[in-house]
Amino acid sequence: MIKKQRLSSNKVCLLIVLVFTVAVAFNSCGGSGLSSDDEKYLADGQTLAKKHCSSCHEAPDPSLLDKTTWDKNILPAMAPKFNIRPFMGDYIARRGSVMTLDEWYKIVVYYKYYAPDKLTIPKPEAVKDWAIFSVKRPQHVDRSGMPSMTTMVAYNPNDKHIYSGSGKSGLYRWDNELNSTLVKKFPSAIVDANFFKTGGNPNGATITCIGVLPPNDLLKGKLININLNSKSKSKDSVLVTDSLPRPVKSAFADFNKDGLMDYVSCGFGNNRGGLFLVQQQANHKFIKKNIRAIPGPTQVYIDDYNHDGWPDIMCLFAQADEGVWLFLNDKKGGFNAQNILHFPPVYGTSSFQVVDFNHDGKPDILYTCGDNDDYSPIFKPYHGVYIFTNQGNWKFKQTYFYHINGCSKAIAADFDHDGDLDLAVIAFFPDFKNHPTEGFTYHEQTSPGKFKVHEIPVNQYGRWISMDVADVDQDGNLDIILGNFSVGGKGLINQKDYKPDWDFFEPIIVLKNTSSKRP
């Protein structure tokens with residue numbers, strides 16, 4: 001029997017081993033091998049898991065990870081959240097724990113019993129070719145200095161140049177031949193740039209400086225406006241706000257309709273963070289308001305989603321409580337939150353895009369998951385790119401999925417001029433050893449909802465962490481800009497004994513679209 005009272009922790013562990021031994025023996029003979037008490041114990045574990053795990057995020061199903069990962073990585077990491085301490089392969093309940101040690105063991109047994117021994121990874125269904133693209137690389141690359149740590153690439157429609165940010169805090173401008181010029185050094189790494197044009201600043205950008213790159217809760221992030229045409233380096237920038245918790249994305253709109261520009265910033269943080277409204281006052285000072293005070297906001301879009309004439313916010317959260325939230329403007333300086341998609345915390349949510357795939361006037365959602373630098377750095381069958389189609393009333397149905405290990409970002413656009421949307425997809429944690437070409441894929445939509453996947457062989461040129469789409473060479477075709485965050489090392493490479501073989505020094509490449517234009 002599983003259920004025993006007043007057992008020491010070591011005896012409970014021995015009991016767990018016995019349970020699995022008996023279960024395996026009975027399963028091999030076609031039976032469950034469990035008594036009614038054992039089944040009750042597992043049912044209690046399931047109930048407790050749903051109750052306690054769902055207090056912070058969607059309760060994950062045991063099938064999402066293998067037994068070893070649950071036992072050695074996830075459960076020991078989650079125990080302290082309930083004030084239970086892992087100790088020498090066992091657990092100790094601290095004073096003030098939210099559950100008894102017996103209840104925690106029920107959760108442990110539930111996950112270990114129902115988890116598979118190994119996850120089954122889908123086989124790729126892609127062709128390896130260049131499709132409609134050719135590669136354009138920088139002509140001059142400094143190979144004597146530090147490896148490339150490109151943290152952002154973005155195309156500026158105002159001056160028709162590519163801009164990139166580096167881990168060393170530099171903002172660079174690239175000309176048509178991919179020669180770079182340092183525009184300005186910022187307080188920390190640049191992870192986002194939003195370009196704008198006003199009467200006083202015809203070539204402006206809102207720059208998001210992350211503060212400190214690795215996971216942290218330090219309030220070091222900043223939003224800064226810069227005049228990219230200014231000749232005076234000392235007077236070209238204005239601080240919008242500081243003391244942000246590791247911000248990764250920002251956007252702007254006049255949320256309260258007072259004629260002054262406001263901002264929204266994704267303070268990803270680590271254990272703490274939040275989605276912030278940075279509101280401009282009549283004296284042109286800014287105040288910060290927390291829209292949702294949890295870590296993990298990673299990408300944001302602004303639009304009038306309920307068609308009431310006021311700007312709303314849609315935001316992707318990618319830490320613990322993963323999902324997409326809609327924030328409708330209440331016209332009083334605040335927002336009403338509504339969750340529209342929810343994902344388990346092991347998914348590794350990485351990006352989304354709001355786009356109307358089927359041209360029915362309702363926004364659909366393009367979504368990727370594949371962040372694989374956490375407690376479960378294994379290949380997962382649900383990593384990849386998804387399309388969720390809007391069924392009306394903000395209800396969504398999954399209509400497309402393609403598996404990509406470590407998928408990190410997707411952008412939808414009509415690359416081949418046939419009237420439907422195709423996909424450009426990057427993966428920061430692909431299968432480097434066996435399948436490195438999944439690092440960039442082009443999904444050509446061949447019929448409604450059906451895609452032909454092309455693995456474009458650019459893995460030798462870098463490791464792609466950032467991407468933008470624009471008509472870089474002004475020929476009428478949409479090109480793709482890729483940013484190379486080349487650094488590997490412990491935590492960023494999940495495959496043992498793998499030695500990176502990509503180019504460590506080229507900051508960016510451009511995939512030039514060679515498609516013949518069609519009506």
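Structural data are supplied above this passage.
Calculation criteria
- Residues numbered from 1 in each chain as written.
- Predicted model: local features only at pLDDT ≥ 70, side-chain atom pairs only at ≥ 80, totals over all residues.
- Heavy atoms only, no water.
- Helix = DSSP H or I, 4+ residues; strand = E, 2+ residues; numbered from the N terminus.
- Rg over C-alpha atoms; globule rule 2.2 N^0.38 Å.
- Buried < 20%, exposed > 50% of the residue type's maximum accessible area, 1.4 Å probe, protein only.
- Patch = residues over 30% accessible without salt bridge, like charges linked within 9 Å, V, L, I, M, F, W, Y side chains within 5 Å.
- Areas by Shrake-Rupley, 256 points an atom, 1.4 Å probe, with all protein chains shown as cover.
- Salt bridge = Lys/Arg side-chain N within 4 Å of Asp/Glu carboxyl O.
- Axes fitted to C-alpha atoms, helices over the stretch in contact; angles between N-to-C directions.
- Parallel < 35°, antiparallel > 145°, perpendicular 65-115°, else oblique.
- Contact = heavy atoms within 4.5 Å.
- Nonpolar A, V, L, I, M, F, W, Y, C, P; charged D, E, K, R; others polar.
- Expected span 1.5 Å × (residues − 1).
- Polar contact = N/O pair within 3.5 Å; in protein donor to acceptor, adjacent residues only side chain to side chain.
- Disulfide = S-S within 2.5 Å.
- Pairing = 2+ DSSP bridges.
- Core = buried A, V, L, I, M, F, W, Y, C linked by side-chain atoms within 4.5 Å.
- Left-handed = near helix turned anticlockwise from the far one by under 90°.

Asks: What exactly am I supposed to notice about the overall build of the chain here?
Replies: Along the backbone of the chain there are four helices and 31 strands. For a compact globule of 519 residues, the expected C-alpha radius of gyration is about 24 Å, and the chain comes in at 25 Å, within 12% of that figure. A principal-axis box enclosing the C-alpha atoms of the chain has dimensions of 75 × 55 × 50 Å. Counting the 519 residues in the chain, one finds 52% classified as buried.

Asks: I keep staring at a nonpolar patch on the surface and nothing clicks. Help me out?
Replies: There is a patch of nonpolar side chains on the surface, built from F87, M88 and I92 and spanning about 320 Å² of accessible area. Relative to the helices and strands, M88 resides in the loop between β1 (84-87) and β2 (90-93). Given the relative accessible area of 76%, M88 is considered exposed.

Asks: Explanation requested: the packing of helix α2 (residues 36-53) against helix α4 (residues 101-114) in the structure shown.
Replies: Angle between the axes and distance between the axes are the two parameters that describe a pair of packed helices. Interhelical geometry of α2 versus α4 gives an angle of 105° and a closest axis separation of 8 Å. By the angle between their axes, α2 is roughly perpendicular relative to α4. Where α2 approaches α4, its residues Y41, L42, D44, G45, Q46, L48, A49 and C53 are matched on the opposing element by D102, E103, Y105, K106, I107, V109, Y110, Y111, Y113 and Y114. Taken together, the residues of the contact of α2 with α4 break down into 12 nonpolar, two polar and four charged.

Asks: Honestly, helix α3 (residues 67-78) in this entry has me stumped. Any pointers?
Replies: Three or four residues apart is the spacing at which side chains of an α-helix point the same way, because the helix has 3.6 residues per turn. With 12 residues, α3 should reach 16 Å at 1.5 Å per residue; the first-to-last C-alpha distance of 15 Å fits that figure. Here the buried face of α3 lies against β1, β2 and α4. Between the side-chain oxygen of the N-cap and the backbone nitrogen of T68 there are 3.1 Å, and the N-cap of α3 in question is D66.

Asks: Just checking my understanding: could you explain the environment of L478 for this structure?
Replies: Secondary-structure assignment places L478 in the loop between β29 (464-470) and β30 (479-484). C-alpha separation for the pair L478 and K235, spaced 243 residues apart in sequence, amounts to 35 Å. In this structure L478 touches F133, A413, D414, F415, V469, A470, D471 and N513, once residues within four positions along its chain are discounted.

Asks: So what exactly am I meant to see when it comes to α4 here?
Replies: The end-to-end C-alpha distance of α4, which contains 14 residues, comes to 20 Å, matching closely the 20 Å that a straight helix rising 1.5 Å per residue would cover. Within α4, 10 of the 14 residues are buried, which leaves the element mostly enclosed by the surrounding structure. Every buried residue of α4 is accounted for by W104, Y105, K106, I107, V108, V109, Y110, Y111, K112 and Y113.

Asks: In this structure, what is going on with the state of the cysteines? I would like to understand it.
Replies: Working definition: the covalent bond between the sulfur atoms of two cysteines is a disulfide. Tallied over the full model, the rule gives zero disulfides. Of all cysteine sulfurs in the structure, the one in C53 sits closest to C56, which takes part in no disulfide; the separation is 8.7 Å. Residue C56 is classed as exposed on the basis of its relative accessible area, which comes to 51%.

Asks: Looking at this model, I keep getting lost on the pattern of salt bridges. Mind explaining?
Replies: Pairing is possible between side chains of opposite charge, provided their charged atoms come close. Tallying each qualifying case throughout the model produces 18 salt bridges. Among the ionic pairs, D44 bridges to K106, the shortest N-O distance being 3.2 Å. Of the two residues, D44 is situated in helix α2 and K106 in helix α4; the sequence distance between them amounts to 62 residues. Shared partners join several salt bridges into a network, and the residues in it are K40, D44, D102 and K106.

Asks: Help me out: how do you make sense of the sheet that holds strand β12 (residues 237-244) in this one?
Replies: What links the strands of a sheet is backbone hydrogen bonding, and the strands pair in either a parallel or an antiparallel sense. An order of β9-β10-β11-β12 is seen for the four strands of this open sheet, with the pairing classed as antiparallel. On the outer flanks of this sheet lie β9 (190-196) and β12, each paired with one strand and no other. Strand after strand, the sheet turns through a mean of 15° between neighbouring axes, direction not considered. Across five bridges, the pairing between strand β11 (residues 221-227) and β12 is antiparallel. In the strand pairing of β12, I226 is matched with S237.

Asks: Explanation requested: the sheet that holds strand β3 (residues 126-128) in the structure shown.
Replies: An order of β3-β28-β27-β26-β25 is seen for the five strands of this open sheet, with the pairing classed as mixed. In the strand order of this sheet, the two ends are held by β3 and β25 (407-413), each with one partner. Here the average twist between neighbouring strands, direction ignored, is 25°. Where strand β26 (residues 422-427) lies against strand β27 (residues 440-447), four bridges are found, and the strand directions are antiparallel. Within the sheet, the bridge partner assigned to A424 lies in β27 and is Y442.

Asks: I'm lost on the nonpolar core in this one. Help?
Replies: One recurring pattern in soluble globular proteins: nonpolar side chains tend to sit buried together. Ranked by internal contacts, the top residues of the largest apolar core, which has 46 residues, are W104, M314, Y347, I365 and Y367. The element that contributes the greatest number of residues to this core is α4, accounting for eight residues. In contact with Y367, other than residues within four places in its own chain, are L316, E322, F343, Y347, T349, S351, F352, G384, V385, Y386 and F388.

Asks: Just checking my understanding: could you explain the environment of H383 for this structure?
Replies: With respect to the helices, strands and loops of the structure, H383 is situated in the loop between β22 (364-369) and β23 (384-392). For H383, a relative accessible area of 0% translates into the label buried. Those residues in contact with H383 that sit more than four places away from it in its chain are V346, Y347, C369, G370, D371, N372, F401, Y402, H403, I404, N405 and G406.

Asks: How should I be thinking about the packing of α3 against α4 in this particular structure?
Replies: Across the interface, α3 lies against α4 with an axial gap of 9 Å and an inter-helix angle of 150°. Considering the angle they form, α3 stands roughly antiparallel to α4. Both α3 and α4 take part in a crossing whose hand is right-handed. Residues K67, W70, D71, L75 and M78 of α3 form the contact with α4, whose own contacting residues are W104, V108, Y111, K112 and Y113. When grouped by side-chain class, the residues that make up the contact of α3 with α4 number seven nonpolar, no polar and three charged.

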